[in-house]
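# Chain and residue survey
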Amino acid sequence: MYNARPGETEPPVTVPSLRQRKARGERLSMVTCYDASFAARLEAAGVELILVGDSLGMVVQGHRHTLGVTVDHMVYHSAAVARGARRPLLIVDLPYQAAATPERALHAAARLQAEGNAAMVKLEGGAGHVLDAIRFLVERDIPVCGHLGLTPQSVHRLGGFRLQGREPDAARLLREQALAVQQAGAELLVLECVPSALATEITALLEIPTIGIGAGPGCDGQVLVMHDLLGVTPGRRPRFVRDFLAEGGSVEGAFRRFVEAVREGSFPGPEHSYE
Ligand code: KIV
């Protein structure tokens, strides 16, 4: 039972509402977050989905990839974010190899829900063992978000953080995996760094919403890593990022501009997408 706090008017975003939002053509905004203060700002700006991403290994911990992030780290940051925001749906990554077997995935996901207050967990990949883990969790009432395309936990196999699904065989595999992830019971799917046309095609194939990052404007929603959205990530800004802090003038202004731009369909533009 959800007890609203004084002043809270909007009901929380729920898992069952995701398909309905897609059917109504409502675009969803998702931002990554790692602490309570920024979570409160994201909630005030009207973000529907908050992702405690294992990108925290890079933007918070300063590593070159996400492989050193542990379930303990994710539980800690998830609990902090949950204290800061109640309306957005809280989605948390299963970190590197936490879904190597269904039993491991269940152990990690149950901790993320019980200790970290997560509503949904995200698993990278579409291989057989990931589909097994998704089914195992969903059968036990743990909502799942899939993640296909550039899956950062596979950085060594992929040879770097680069566009996926360009060749016809790779595109066919991604289409098949997207359907398989939905079939296994996922209620949401992140598509990272895939050509715009392919993401649009996959979005049309699925009943569950797709959330794109570097996947063009044809997805049902968009996600950015918060540090990219605010322009504080060191180094070169990725092509799919827009400087929302410059537009919004403040942290909350930047989040509001992102939400508006996603809702009105002005982000991402062609300059932020891959052909
Ligand atoms: O870890 C993360 O922040 C993510 C997003 C890039 C989707 O998975």
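Residues numbered from 1 in each chain as written. Predicted model: local features only at pLDDT ≥ 70, side-chain atom pairs only at ≥ 80, totals over all residues. Heavy atoms only, no water.

Within the structure shown, the criterion is met by three aromatic pairs. An angle of 85° between the planes, with centres 5.5 Å apart, marks the rings of Phe-244 and Phe-258 as edge-to-face. Remark: Phe-258 occurs in helix H12 (residues 251-264) and Phe-244 occurs in helix H11 (residues 244-248); sequence separation between them is 14 residues. Neither Phe-244 nor Phe-258 differs from the other in exposure class; each is buried. Ring centres of Phe-244 and Phe-267 lie 5.2 Å apart, and the angle between their planes is 85°; on these two criteria the pair is classed as edge-to-face. Here Phe-244, found in helix H11, pairs with Phe-267, found in the segment after H12; they are 23 residues apart in sequence, far enough to count as distant. Owing to a relative accessible area of 3%, Phe-267 belongs among the buried residues under this scheme. Lying over the aromatic face of Phe-136, Arg-140 brings its terminal NZ or CZ to 3.7 Å of the ring centre. (Phe/Tyr/Trp six-rings, centres within 6.5 Å; stacked < 30°, edge-to-face > 60°. Helix = DSSP H or I, 4+ residues; strand = E, 2+ residues; numbered from the N terminus. Buried < 20%, exposed > 50% of the residue type's maximum accessible area, 1.4 Å probe, protein only. Lys NZ or Arg CZ within 6 Å of the ring centre and 35° of its normal.)

Around the ligand, the structure places Thr-32, Leu-51, Gly-53, Asp-54, Ser-55, Asp-93, Lys-122, His-147, Val-190, Glu-192, Ile-213 and Val-225. Asp-54 is positioned such that a nitrogen or oxygen atom in its side chain is 3.1 Å from an oxygen atom of the ligand. At 2.8 Å from an oxygen atom of the ligand is found a side-chain nitrogen or oxygen belonging to Lys-122. (Near = heavy atom within 4 Å. Polar contact = N/O pair within 3.5 Å; in protein donor to acceptor, adjacent residues only side chain to side chain.)

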